[in-house]
Amino acid sequence: MIKTYDDLYTIVKSKPIPVHVAIIMDGNGRWAKKHKLPRIAGHRQGVEALRSIISTSSELGIKYLTLYAFSTENWKRPKDEVNALMSLLVEFLRKEVAELHRNNVRIHVLGDIEGLPEAARTEVRRAMDLTNGNCGLQVNIALNYGSRAEILNAVKSIVHDVQSKRISIDEITEQTISQYLDTRDIPDPDMLIRTSGEFRISNFLLYQIAYTELVFTDKNIYWPDFTRERYLEAIIEYQGRVRRYGGLDTGEDD
Ligand code: IPE
Ligand code: IPE
Ligand code: MG
């Protein structure tokens with residue numbers, strides 16, 4: 001029997017909820033192709049999926065949701081597609097931020113904001129400023145984000161702080177590195193979901209996902225098809241995993 005949203009919700013709520021969920025929202029282009037539509041129609045449909053995943057995350061009491069929206073490598077795409085993606089971002093923020101703010105959602109951006117077009121930069125700053133004091137779900141939007149660029153910047157800042165004697169080499173720990181990344185003060189993701197059946201990370205949160213549980217959807221589930229039911233199923237899959245962190249399972253035998 002197919003489980004309804006309410007059935008799945010009850011199952012998810014009966015076990016520990018992940019604190020931090022990261023998502024590689026992939027497959028908008030393939031969704032559009034399947035429906036014989038231009039790629040941008042796929043991105044537009046992707047925004048609908050995004051809205052429902054944000055509200056479900058809030059409802060579940062997830063604390064951090066990190067969404068890969070535009071990578072440092074996505075600039076390689078045709079100019080028209082890049083422009084359309086930036087316009088969609090601006091439109092999304094203009095339309096949705098007030099409602100997100102009412103729902104106590106805090107919006108944060110990872111990546112190089114300075115490298116975004118002016119309109120996108122303005123909306124991103126406005127959204128972050130408005131929602132800065134909120135204590136509900138924190139939505140981290142990775143925009144013009146690449147993990148290697150993030151690590152490179154962290155290395156440069158650490159070297160700078162060593163040279164200016166703000167910290168000493170001996171004081172540098174794994175936590176220090178975390179604190180120099182864009183995700184400073186955000187715990188590492190508990191789970192990472194990638195839609196569309198692509199088994200790669202594509203330069204996302206490389207340092208942060210050392211012990212994250214990876215969940216890949218079937219290849220026919222493109223991002224616009226990622227309904228709240230599919231989301232709950234992914235969380236149920238996560239809840240069934242045993243996390244050992246290199247140690248031994250301390251729970252009951254399977
Ligand atoms: C994800 O969908 C959205 C972005 C990368 C901005 P894609 O545009 O990568 O869709 P596919 O992978 O080509 O199907
Ligand atoms: C990763 O998807 C980036 C985003 C979802 C924003 P891509 O579609 O860019 O990744 P590749 O090119 O398939 O690795
Ligand atoms: Mg893709």
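Heads up: the structure comes first, above all this text.
Residues numbered from 1 in each chain as written. Chains lettered and ligands numbered in written order. Predicted model: local features only at pLDDT ≥ 70, side-chain atom pairs only at ≥ 80, totals over all residues. Heavy atoms only, no water.

1. Things to note about the site of ligand 1
Phase 1: Taken together, M25, D26, G27, N28, G29, R30, R39, H43, A69, N74, R77 and L85 make up the full set of residues adjacent to ligand 1.
Phase 2: Note that an oxygen atom of ligand 1 is positioned 3.3 Å from one of the backbone N or O atoms of G27.
Phase 3: In this structure, an oxygen atom belonging to ligand 1 sits 2.8 Å away from a side-chain N or O atom of R30.
Phase 4: Assessed atom by atom at 2 Å from the grid points, ligand 1 resides in the largest pocket.
Phase 5: Listed by contribution, the elements that provide at least two residues to the shell around ligand 1 are α2 (28-34) and α3 (39-60). (Near = heavy atom within 4 Å. Polar contact = N/O pair within 3.5 Å; in protein donor to acceptor, adjacent residues only side chain to side chain. 1 Å grid on protein atoms, 1.4 Å probe; cavity = no way out; pocket = protein on both sides within 12 Å on 5 of 7 lines; lining within 4 Å. Sits in = over half its atoms within 2 Å of the grid points. Helix = DSSP H or I, 4+ residues; strand = E, 2+ residues; numbered from the N terminus.)

2. Topic: the pattern of salt bridges
Phase 1: Applying the stated criterion across every chain, the model contains 21 salt bridges.
Phase 2: Salt-bridge contacts for E91 lead to K95; the nearest nitrogen and oxygen are separated by 3.2 Å. Highlighted residues: E91 and K95, both in helix α4 (residues 79-102), separated by 4 residues, approximately one helical turn.
Phase 3: Among the residues examined, E91 registers a relative accessible area of 26% and is labelled partly exposed.
Phase 4: Residue E99 pairs with R102 through a salt bridge whose shortest N-O separation is 2.8 Å. With E99 and R102 both in helix α4 and 3 residues apart, this pair spans about one turn of that helix. (Salt bridge = Lys/Arg side-chain N within 4 Å of Asp/Glu carboxyl O. Buried < 20%, exposed > 50% of the residue type's maximum accessible area, 1.4 Å probe, protein only.)

3. Concerning the site of ligand 2
Phase 1: The local shell around ligand 2 consists of I24, M25, D26, Y68, A69, F70, N74, R77, R194, R200 and S202.
Phase 2: D26 is positioned with one of its side-chain polar atoms (N or O) 3.2 Å from an oxygen atom of ligand 2.
Phase 3: Its free accessible area being 390 Å², ligand 2 has 77% of it covered by the protein chains.
Phase 4: Here the element with the most residues in the shell around ligand 2 is strand β2 (residues 64-71); it accounts for 3 residues.
Phase 5: Of the residues contributing to the shell around ligand 2, the split by class is 5 nonpolar, 2 polar and 4 charged. (Areas by Shrake-Rupley, 256 points an atom, 1.4 Å probe, with all protein chains shown as cover. Nonpolar A, V, L, I, M, F, W, Y, C, P; charged D, E, K, R; others polar.)

4. Remarks on the sheet that holds strand β6 (residues 213-216)
Phase 1: Taken in spatial order, the 6 strands line up as β3-β4-β2-β1-β5-β6 in an open sheet, and their pairing is parallel. If you trace the sheet from one side to the other, it starts and ends with β3 (106-110) and β6, each paired once. Across the sheet, the axes of successive neighbouring strands diverge by a mean angle of 20°, strand direction being ignored.
Phase 2: Of the strand pairs in this sheet, strand β1 (residues 20-24) and strand β5 (residues 191-194) are connected by 4 bridges, and their pairing is parallel. Bridge pairing in β5 places I23 opposite I193.
Phase 3: Running over the sheet, α4 touches β2, β3 and β4 (138-145) and is turned about 155° from β2.
Phase 4: Sheet strands in contact with helix α5 (residues 118-131) are β3 and β4, and its direction is about 135° off that of β3. (Pairing = 2+ DSSP bridges. Axes fitted to C-alpha atoms, helices over the stretch in contact; angles between N-to-C directions. Contact = heavy atoms within 4.5 Å.)

5. A closer look at the layout of surface pockets
Phase 1: Of the voids in this model, the largest pocket is the one considered here, and its volume is about 740 Å³.
Phase 2: Residue assignment for the lining of the largest pocket shows that the elements contributing at least two residues are α2, α3, β2, α4 and β4.
Phase 3: For the second largest pocket, the calculated volume is near 370 Å³.
Phase 4: Around the second largest pocket sit 19 residues that line it, and Q175, S178, D188, Y207 and Q208 are the ones nearest its centre. (Points joined across faces, edges and corners; volume = space filled by probe spheres on them.)

6. Side note on α3
For an α-helix, the turn length of 3.6 residues means that residues three or four places apart are oriented alike.
Phase 1: With 22 residues, α3 extends 32 Å between its outermost C-alpha atoms, agreeing within 8% with the 32 Å of an ideal straight helix rising 1.5 Å per residue.
Phase 2: What α3 keeps buried is the set G42, H43, G46, V47, A49, L50, I53, I54, T56, S57 and L60.
Phase 3: Among the residues trailing α3, G61 stands out with phi positive, at a value near 85°. (Expected span 1.5 Å × (residues − 1).)

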